[in-house]
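Architecture and fold: a report
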Protein chains: 2
Amino acid sequence: MSVTLKQLAASLGLSPTTVSRALNGFPEVNAATRVRVREAAERLNYHPNTRAKSLATGRAQAIGHVIPLSTSHEIVNPIFADFIAGAGEVYGQSGYEMILRVVADAEEERAYGDLVARRAVDGVMVHGPRIRDGRVPLLDSLGIPFLVHGRTSEITSPYSWLDINNKRAFQRATQFLSDLGHRRIALVNGLEDMDFAARRRRGYLEALDAANIPPDPALMRQAEMTEPYGYRAGMEMMRLPQPPTAFLASSMIVAYGLRRAMSDLGLKLGRDISIVTHDDELSYLPNDGDIPMFTATRSSVREAGRRAARMLLQLVTQPTDAPLTEMMEAALVLGASTGPAPK
Amino acid sequence: MSVTLKQLAASLGLSPTTVSRALNGFPEVNAATRVRVREAAERLNYHPNTRAKSLATGRAQAIGHVIPLSTSHEIVNPIFADFIAGAGEVYGQSGYEMILRVVADAEEERAYGDLVARRAVDGVMVHGPRIRDGRVPLLDSLGIPFLVHGRTSEITSPYSWLDINNKRAFQRATQFLSDLGHRRIALVNGLEDMDFAARRRRGYLEALDAANIPPDPALMRQAEMTEPYGYRAGMEMMRLPQPPTAFLASSMIVAYGLRRAMSDLGLKLGRDISIVTHDDELSYLPNDGDIPMFTATRSSVREAGRRAARMLLQLVTQPTDAPLTEMMEAALVLGASTGPAPK
DNA sequence: GCGGGCATCCAAAGCGGTTTGAAAATTTGA
DNA sequence: TCAAATTTTCAAACCGCTTTGGATGCCCGC
């Protein structure tokens, strides 16, 4: 079924040393021998035992992803799957394994400690950073390479991250709406202890300020990003004495909810009411076509996964003190859901 | 930072043998010594190196999940994240690692062979089985424990699986609609080379047959399950000379699309038009509340992940020739989206 | 007082690779 | 042609753990 290096060597009348070197491309082995070894390996279906290899080399050849399962809000972030898909692609190409831990919030830090102490991974990816996130100092102290998908505002020490420019995206979206004459612009945000949501809010507020629009707490919400949340937010805000003429949604799913609310109210998107949403380009929530349904700040989370993986692998293979950072800009794509503010 | 067994033993003035046995609960070690060892292990933050341990024991202590990334339809199944979350929970409790491989369709079988040959996993989970799926015989021949989430119809040899009763769920849903007087019932299905979709179709057809309703190809569609697909299917079918009075949707997302179409057409769910959808209870697509939005065949995919993981671990730890199978029934929960057929 | 039985502990081999230091085979140079 | 230099190969140690097969010391009964 499968052979060990020793068996392979024996079948060739060679020592394990030579076989190992032949397969790993060391120079001190005869070209003819190398060919012979390669062929035999192929023929006998030899694959090095991962465990043995990484025990011998001291490299785990694996990256850890710890997925927190909030006990408070039992939600699995929907963008997670696409990010993982992108990262997984890259790991696969580079011969790295992806190991996943799903843990309760409270055990998350222990999970990292455990992964590191057991030498199970060479690096870890940090998902869903909060504004103030203990994982960054923790991983720093554990001395393992890590990369944050997103950022965490209240950390001053440098660390590696890949993020999209959430603040600018929402600032641009807000400005775009105010340029269209909207002055009642609502923000239907994700939970604002999440760093990305906090940044979006800042971008929104800055743009309002620049347009001399006083922020109105009645037009700002935050919650878990579900469809019913979008719907409720839309319905309730439209019942305000001075309802919004435009909405900023933090995700496609929330935008779906908003759209349904507007539809129930008999309002036509792009004419009676405007919506701009953030679009992570999740494969099952497409917002494309000749004219996308929604005007959106668009940024592929799958691509983010790919890049994040590449960065993390670089941190792992070429250790350096200088952290790696990358900011991805979201495109503002025009769809059918926006138009000038109605008089 | 972290200690090896040898160091721990040295610091205690004991042999590695004794320390290993003390920590792993073997009987031939003095109770007092065991306590002493445990305390030292705690104090020095000792965690056994996974690689070394599994090399020595021959058990990888890991389960592999291979996620196919179709090149044709670049979609990451949205239910995947919740299933993984459920399975991951169980692995964590049992001291198993979850390793994930994201691979292109064409390389999927090679990925399994590779995982097995490198002894990287003790068992594998098979996702998204097709009607005819080569992975089952492949894994059989590789001689590794595996469990299929779903089933594959065209395989006669026994294998282990966990599935929901898709056929009965859709048969019941269809019958429910026909009991309400509907005779034009549309099926907006997922891709029918996927086994689950084929079974749903069979359930649908059987129920039509039982109700003496001739099936109409114009009322049956299959595609990748996205919101726009649901919308288009709804719009186009409603334009038929004899439009449906009820829809069966294969997922919440498709149902969202259908709902939007009906709304655009000015039709009220539960009065003018009925929708029954399958609801996987994805955490970010809730369909609950006092009266759920949709009447649905409901079955938690997260729970399926938990159970599947438990079964697979059992197969791994207590090898047996008798395969394990489990059928979960979907509940038919009444929501606001169904009502008697309009005259 | 001595062999047998038990409770504890340990040395050493082994898991399947990599890597160091040295030996064997081959080529080179005078 | 033979020693030296260079290739090419190998034996053995090691990675960190488990596990087999004894050792060791102690208590017991006769």
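Look up: the structure comes first, before these words.
Computed from a prediction, not measured in an experiment: that's the story for all the values here.

What counts and what doesn't
- Residues numbered from 1 in each chain as written.
- Chains lettered and ligands numbered in written order.
- Predicted model: local features only at pLDDT ≥ 70, side-chain atom pairs only at ≥ 80, totals over all residues.
- Heavy atoms only, no water.
- Helix = DSSP H or I, 4+ residues; strand = E, 2+ residues; numbered from the N terminus.
- Rg over C-alpha atoms; globule rule 2.2 N^0.38 Å.
- Contact = heavy atoms within 4.5 Å.
- Areas by Shrake-Rupley, 256 points an atom, 1.4 Å probe, with all protein chains shown as cover.
- Lys, Arg positive; Asp, Glu negative; His and termini not counted.
- Charge placed at Lys NZ, Arg CZ, Asp CG, Glu CD.
- Pairing = 2+ DSSP bridges.
- Axes fitted to C-alpha atoms, helices over the stretch in contact; angles between N-to-C directions.
- Least-squares fit on C-alpha atoms with pLDDT ≥ 70 in both.
- Parallel < 35°, antiparallel > 145°, perpendicular 65-115°, else oblique.
- Left-handed = near helix turned anticlockwise from the far one by under 90°.
- Nonpolar A, V, L, I, M, F, W, Y, C, P; charged D, E, K, R; others polar.
- Core = buried A, V, L, I, M, F, W, Y, C linked by side-chain atoms within 4.5 Å.
- Buried < 20%, exposed > 50% of the residue type's maximum accessible area, 1.4 Å probe, protein only.
- Expected span 1.5 Å × (residues − 1).
- Arc of directions from axis to C-beta.
- Near = heavy atom within 4 Å.
- Polar contact = N/O pair within 3.5 Å; in protein donor to acceptor, adjacent residues only side chain to side chain.
- Phe/Tyr/Trp six-rings, centres within 6.5 Å; stacked < 30°, edge-to-face > 60°.
- Lys NZ or Arg CZ within 6 Å of the ring centre and 35° of its normal.
- Salt bridge = Lys/Arg side-chain N within 4 Å of Asp/Glu carboxyl O.

Another point: the overall build of chain A. Within chain A, the secondary structure is distributed over 12 helices and 12 strands. Expected size for 343 residues packed as a compact globule is a radius of gyration near 20 Å; at 25 Å, chain A overshoots this value by more than 25%. The long-range share in chain A, meaning contacts at least 24 apart out of those at least 6 apart in sequence, stands at 68%. Surface exposure of chain A reaches about 14,500 Å², of which carbon and sulfur atoms provide 51%. If you average the places of the 39 positive and of the 38 negative side-chain charges in chain A, the two averages end up 3 Å apart.

Quick look at the sheet that holds strand β12 (residues 331-333) of chain B now. Two strands in a sheet stick together by hydrogen bonds in their backbones, pointing the same way (parallel) or opposite ways (antiparallel). Residue and element names in this part refer to chain B. An order of β7-β6-β8-β9-β10-β12 is seen for the 6 strands of this open sheet, with the pairing classed as mixed. Two strands lie at the open edges of the sheet, namely β7 (220-222) and β12, each paired on one side alone. If you compare each strand with its neighbour and ignore which way they point, the axes differ by 15° on average. Judged from the 4 bridges that link them, strand β6 (residues 185-189) and strand β8 (residues 246-249) form a sheet pairing that is parallel. Counterpart to L187 in the pairing with β8 is L248. Contacting β6, β7, β8 and β9 (274-279), helix α9 (residues 195-210) crosses the sheet at an angle of about 175° to β6. Those strands touched by helix α11 (residues 252-264) are β6, β8 and β9, and its axis lies near 160° from that of β9.

With that settled, the discussion passes to the relation of the copies chain A and chain B. Between the two copies of the chain lies a relationship made up of a rotation around an axis and a movement along it. Screw-axis analysis of chain A against chain B gives a translation of 0.0 Å along the axis, an RMSD of 0.1 Å, and a rotation angle of 180°. Taken together, the rotation angle and the small translation identify this as a two-fold axis. Taken as a fraction of all interface residues of chain A, those also at the interface in chain B reach 100%, which identifies the copy contact as same-surface.

In this section: the packing of helix α5 (residues 79-93) of chain A against helix α12 (residues 301-317) of chain A. All names here are of chain A. Closest axis-to-axis distance for the α5/α12 pair is 7 Å, and the angle between their directions is 45°. When the axes of α5 and α12 are compared, the pair comes out oblique. By crossing handedness, the relation of α5 to α12 is classed as right-handed. Note on element contacts: α12 touches α5 through V301, R302, A304, G305, R306, A308, A309, R310, L312 and L313, opposite I79, D82, F83, A85, G86, A87, E89, V90 and Y91. Within the contact of α5 with α12, the residues separate by chemical class into 12 nonpolar, 2 polar and 5 charged.

The tendency in soluble globular proteins is for nonpolar side chains to be buried side by side. Core analysis: the largest hydrophobic core is formed by 145 residues, its most contacted members being Y91 and F247 of chain A together with Y91 and F247 of chain B. Those residues in contact with F247 of chain B that sit more than four places away from it in its chain are L177, A186, V188, G234, M237, M238, L258, M262, I273, S274, I275 and V276 of chain B. Among the nonpolar cores identified, the runner-up in size contains 44 residues, and A62, A120 and V136 of chain A together with L115 of chain B belong to it.

This next bit is on helix α8 (residues 166-179) of chain A. All names here are of chain A. Compared with an ideal rise of 1.5 Å per residue, which puts 14 residues at 20 Å, α8 spans 20 Å between its outermost C-alpha atoms and is within 8% of the ideal. Three or more residues of α8 are buried, namely N166, A169, F170, A173, T174, L177 and S178. Taken end-on, α8 shows its buried residues confined to a sector of 165°, consistent with a single buried face. The positive-phi residue at the C-terminal boundary of α8 is G181, with phi of around 100°.

What follows covers the protein's contact with DNA strand D. Around DNA strand D, 27 residues are found, and the nearest of them are S15 and T17 of chain A together with L5, S20 and R21 of chain B. For DNA strand D, the fraction of atoms within 4 Å of the protein that belong to sugar or phosphate moieties is 58%. Within the side chain of T17 of chain A, an N or O atom sits 2.6 Å from a base nitrogen of DNA strand D. T33 of chain A places a polar side-chain atom, nitrogen or oxygen, 2.8 Å from a phosphate oxygen of DNA strand D.

What characterises a pair of aromatic rings is the spacing of the ring centres plus the angle enclosed by the ring planes. Summed over the entire model, instances satisfying the criterion amount to 3 aromatic pairs over all chains. Their ring planes at 80° and their centres at 6.3 Å tell us that Y256 of chain A and Y256 of chain B sit as a pair that is edge-to-face. Taken together, the positions of Y256 of chain A in helix α11 (residues 252-264) and Y256 of chain B in helix α11 put the pair across two chains. Each member of the pair, Y256 of chain A together with Y256 of chain B, is buried. The structure contains a cluster of three or more aromatic residues connected by ring pairs, namely Y256 and F294 of chain A together with Y256 and F294 of chain B. The lysine or arginine in question, R151 of chain A, covers the ring of W161 of chain A, its NZ or CZ lying 4.6 Å from the ring centre.

Bringing the pattern of salt bridges into the picture now. Residues and elements named next belong to chain A. Scanning all chains against the criterion turns up 49 salt bridges over all chains. In this structure, D133 and R135 form a salt bridge, with 2.8 Å as the shortest nitrogen-oxygen distance. In terms of burial, D133 and R135 fall into one category: buried. In this structure, R201 engages E192 in a salt bridge whose closest nitrogen and oxygen atoms are separated by 2.9 Å. For E192, a relative accessible area of 13% puts it in the buried group. In this structure, a network of salt bridges that share partners links the residues E89, E303, R306, R307 and E326.

Attention now goes to the protein's contact with DNA strand C. For DNA strand C, the set of nearby residues contains 28 residues, the closest of which are L5, S20 and R21 of chain A together with T17 and R21 of chain B. When the atoms of DNA strand C within 4 Å of the protein are sorted by group, sugar and phosphate make up 55%. Within the backbone of A52 of chain A, one N or O atom sits 3.4 Å away from a base nitrogen of DNA strand C. Contributions of two or more residues to the surface near DNA strand C are made by α2 (16-23) and α4 (50-57) of chain A together with α2 (16-23) and α4 (50-57) of chain B.

Before going further, it helps to examine the environment of F26 of chain A. One can find F26 of chain A in the loop between α2 and α3 (31-43). The contact partners of F26 of chain A, leaving out residues within four places of it in the chain, are R21 and R34 of chain A.

We now examine the sheet that holds strand β5 (residues 161-164) of chain A. The sheet built from 12 strands is open, its strands ordered β11(A)-β5(A)-β4(A)-β3(A)-β1(A)-β2(A)-β2(B)-β1(B)-β3(B)-β4(B)-β5(B)-β11(B) with mixed pairing. Strands at the two margins of the open sheet, each flanked by one partner only, are β11 (325-328) of chain A together with β11 (325-328) of chain B. Each neighbouring strand pair of the sheet contributes to a mean axis angle of 20°, computed without reference to strand direction. Relative to strand β5 (residues 161-164) of chain B, strand β4 (residues 146-149) of chain B is paired through 2 bridges, and the arrangement is parallel. For V148 of chain B, the partnering residue across the bridge sits in β5 of chain B and is W161 of chain B. Here α12 of chain A sits on the sheet and contacts β1 (62-69), β3 (123-126), β4 (146-149), β5 and β11 of chain A together with β1 (62-69) of chain B; the angle it forms with β4 of chain A, its principal contact strand, is near 160°. Here helix α12 (residues 301-317) of chain B sits on the sheet in contact with β1 of chain A together with β1, β3 (123-126), β4, β5 and β11 of chain B, set at roughly 160° to β4 of chain B.

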